[in-house]
Amino acid sequence: MEFYMPTQIYHEAEAVRKHGEEMAHTGKKALIVTGHSSSKKNGALKDVTDSLDKYHTAYIIYDKITENPTIESVMDAAEIGRREGTDFVIGIGGGSPLDAAKAIALMIQNRDSASSVLYQNMALRALPVVTVPTTCGTGSEVTPFAILTRDDLQTKQSISHRIYPVIALVDGKYLKTAPESVLMNTAIDALGHMLESYFNSKATDYSRMLAQYALEVWGMATDILFGMEAQEGDYDRLMFASTLAGMAITHTGTSIPHGLSYYLTYHKGIPHGKAVGYFLPGYLDSMPESLEPQVIMALRAAGFGSLEQFEGFIKEMLGTIPVTDQEAKEMVEEIANNDRKKKAVPFEITKEQIDKIVQQAR
Ligand SMILES: [Fe+2]
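Residues numbered from 1 in each chain as written. Predicted model: local features only at pLDDT ≥ 70, side-chain atom pairs only at ≥ 80, totals over all residues. Heavy atoms only, no water.

Looking at an unreviewed UniProt entry, one finds the protein chain named Iron-containing alcohol dehydrogenase, with Jutongia hominis as its source organism.

Written out as structure tokens, the structure is:
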């Protein structure tokens, strides 16, 4: 077994301000990468800029990252970062800005390279990346992944380079102003990371330890998802569960539900977490009998009494996938031909089983 987790994590109230000095001294000039508005509303951007000001570190802000970031926006930001002489990148937000920050850090460091190097297997370094997550799904604050939209392949895919953030500043307070739909979608994305990592051919005792504890922590914070009032510590627990799940998928990657989700996001514009969630019950249902006790145990850890109850929760929260017979066929075909995602399944999965997972979500 191996276990590697080089990101320095500070998870606490006011993490950014408390560790502002370390963040600011990561370099001399920061490129802050974020979305258009949420990091302004939840206060994360101000926490970061106040700290940089306090320790006299220069910065510029690139706030044009949209959901499912494109290679063009990465290149646009990298061009600005190069021109401005930035020597580190701070990503603030959900998965999109954090993933984009890593790809941008790579493209600033490799200033003469074209965007094609993002998906080439070659050893390249990136500028240091600091992450400040403001949603509870991605885990990108600790993963080495950077998932971008690939219009050439009509899907989403992680770049070929593993870029671990140097520092992750994690604080549940940023979730308090998140819209309910964002909380729900991102919490389900994190749940997908836990389950797809736990039931994964690459799972080890270390990764399962992370996934299992993430499920327990997640299960303690679900009041918010059911529309009930948040209990003290719930936002922090959702954030913690998502970071733990990020560490779990760092070691295993994701599996069939994530693979299928990219079709729905690319072709139907369905948010990532929601698109993943539809397929989770079917994925668990496809497990062989020998893994059934573990399926029950994982679901119980997350607060579900049975697979039926979990399926009911998913259907109630997300509904069913809006695809035609032809589109369903295309989705199945795409994953049946995706050896990487199929290899992540802890048993030999057939095309019929993939089809069943899709049909179960309809
Ligand atoms: Fe995900």
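The discussion continues.
### Focus: the overall build of the protein chain
Summing up its helical and strand segments, the protein chain has 17 helices and eight strands in all. In terms of C-alpha radius of gyration, the protein chain reaches 20 Å, essentially the compact-globule figure of 21 Å for 362 residues. Taken along the three principal axes of its C-alpha coordinates, the protein chain extends 60 × 45 × 40 Å. Per-residue burial over the protein chain gives 57% buried out of 362 residues. Charge separation in the protein chain, taken as the distance between the mean sites of 34 positive and 46 negative side-chain charges, equals 4 Å. (Helix = DSSP H or I, 4+ residues; strand = E, 2+ residues; numbered from the N terminus. Rg over C-alpha atoms; globule rule 2.2 N^0.38 Å. Buried < 20%, exposed > 50% of the residue type's maximum accessible area, 1.4 Å probe, protein only. Lys, Arg positive; Asp, Glu negative; His and termini not counted. Charge placed at Lys NZ, Arg CZ, Asp CG, Glu CD.)

### A word on the domain arrangement of the protein chain
According to the domain assignment, the protein chain consists of domain 1 (8-173) and domain 2 (179-360). Taken over C-alpha atoms, the centre of domain 1 sits 25 Å from the centre of domain 2. Each partner contributes to the interface: domain 1 provides 29 residues, whereas domain 2 provides 26 residues. At the surface where domain 1 touches domain 2, the tally comes to zero salt bridges. (Domains from an automatic or database assignment. Contact = heavy atoms within 4.5 Å. Salt bridge = Lys/Arg side-chain N within 4 Å of Asp/Glu carboxyl O.)

### Some thoughts on the packing of helix H8 (residues 205-219) against helix H13 (residues 292-301)
For the pair H8 and H13, the least separation of the axes is 7 Å and the interaxial angle reads 40°. It follows that H8 is oblique to H13 by the angle criterion. In contact with Gln212, Leu215, Glu216 and Gly219 of H8, H13 contributes Met297, Ala298 and Ala301. Within the contact of H8 with H13, the residues separate by chemical class into four nonpolar, two polar and one charged. (Axes fitted to C-alpha atoms, helices over the stretch in contact; angles between N-to-C directions. Parallel < 35°, antiparallel > 145°, perpendicular 65-115°, else oblique. Nonpolar A, V, L, I, M, F, W, Y, C, P; charged D, E, K, R; others polar.)

### Some details on the pairing of strand S7 (residues 155-158)
Sheet topology places strand S6 (residues 147-150) next to S7; four bridges connect them, and they run antiparallel. When the bridges of S7 are listed, threonine 149 appears paired with lysine 156. The loop that links S6 with its antiparallel partner S7 comprises four residues; one of these, glutamine 154, has a positive phi angle of about 50°. (Pairing = 2+ DSSP bridges.)

### Regarding the coordination of the iron ion
Here the iron ion is held by Asp189 (OD), His193 (NE2), His258 (NE2) and His272 (NE2), and the distances to it run 2.1 to 2.2 Å. Taken together, the four donor atoms coordinating the iron ion span angles of 84 to 171° at the metal, a pattern that classifies the geometry as irregular. Positions of the donor residues of the iron ion, expressed as sequence spacing, correspond to D-x3-H-x64-H-x13-H. Of this pair, histidine 193 sits in helix H7 (residues 180-198) while histidine 258 is found in helix H10 (residues 256-268), placing the two residues 65 residues apart along the sequence. (Donors = N, O, S within 2.8 Å, 3.2 Å for Na, K, Ca; no water. Tetrahedral: all angles 85-135°; square planar, octahedral: opposite > 155°, others 65-115°.)

### Re the nonpolar core
Membership of the largest hydrophobic core comes to 74 residues, with the highest contact counts inside it found for Trp218, Phe279 and Phe310. Leaving out residues up to four positions away in the same chain, phenylalanine 279 has contacts with Pro257, Leu260, Ser261, Leu264, Ile321, Met331, Ile357, Val358 and Ala361. Counting residues in hydrophobic clusters, the runner-up holds 27 residues, among them Val89, Leu118, Leu127 and Leu148. (Core = buried A, V, L, I, M, F, W, Y, C linked by side-chain atoms within 4.5 Å.)

### A few points about the packing of aromatic side chains
Under the definition given, this model contains nine aromatic pairs. Residues tryptophan 218 and phenylalanine 304 carry aromatic rings whose centres are separated by 6.2 Å and whose planes lie at 40° to one another, so their mutual orientation is tilted. With tryptophan 218 in helix H8 and phenylalanine 304 in the loop between H13 and helix H14 (307-318), this pair connects stretches of sequence that are 86 residues apart. Assessed through its relative accessible area of 0%, tryptophan 218 is described here as buried. A relative accessible area of 6% places phenylalanine 304 in the buried class. Centre to centre, the rings of phenylalanine 310 and phenylalanine 313 are 6.5 Å apart; their planes meet at 20°, and the pair counts as stacked. Placement of the pair is phenylalanine 310 and phenylalanine 313 together in helix H14, with a separation of three residues, close to one helical turn. As far as the burial class goes, phenylalanine 310 and phenylalanine 313 line up, both buried. The ring of tyrosine 119 has arginine 150 lying over it, and the distance from NZ or CZ to the ring centre is 4.2 Å. (Phe/Tyr/Trp six-rings, centres within 6.5 Å; stacked < 30°, edge-to-face > 60°. Lys NZ or Arg CZ within 6 Å of the ring centre and 35° of its normal.)

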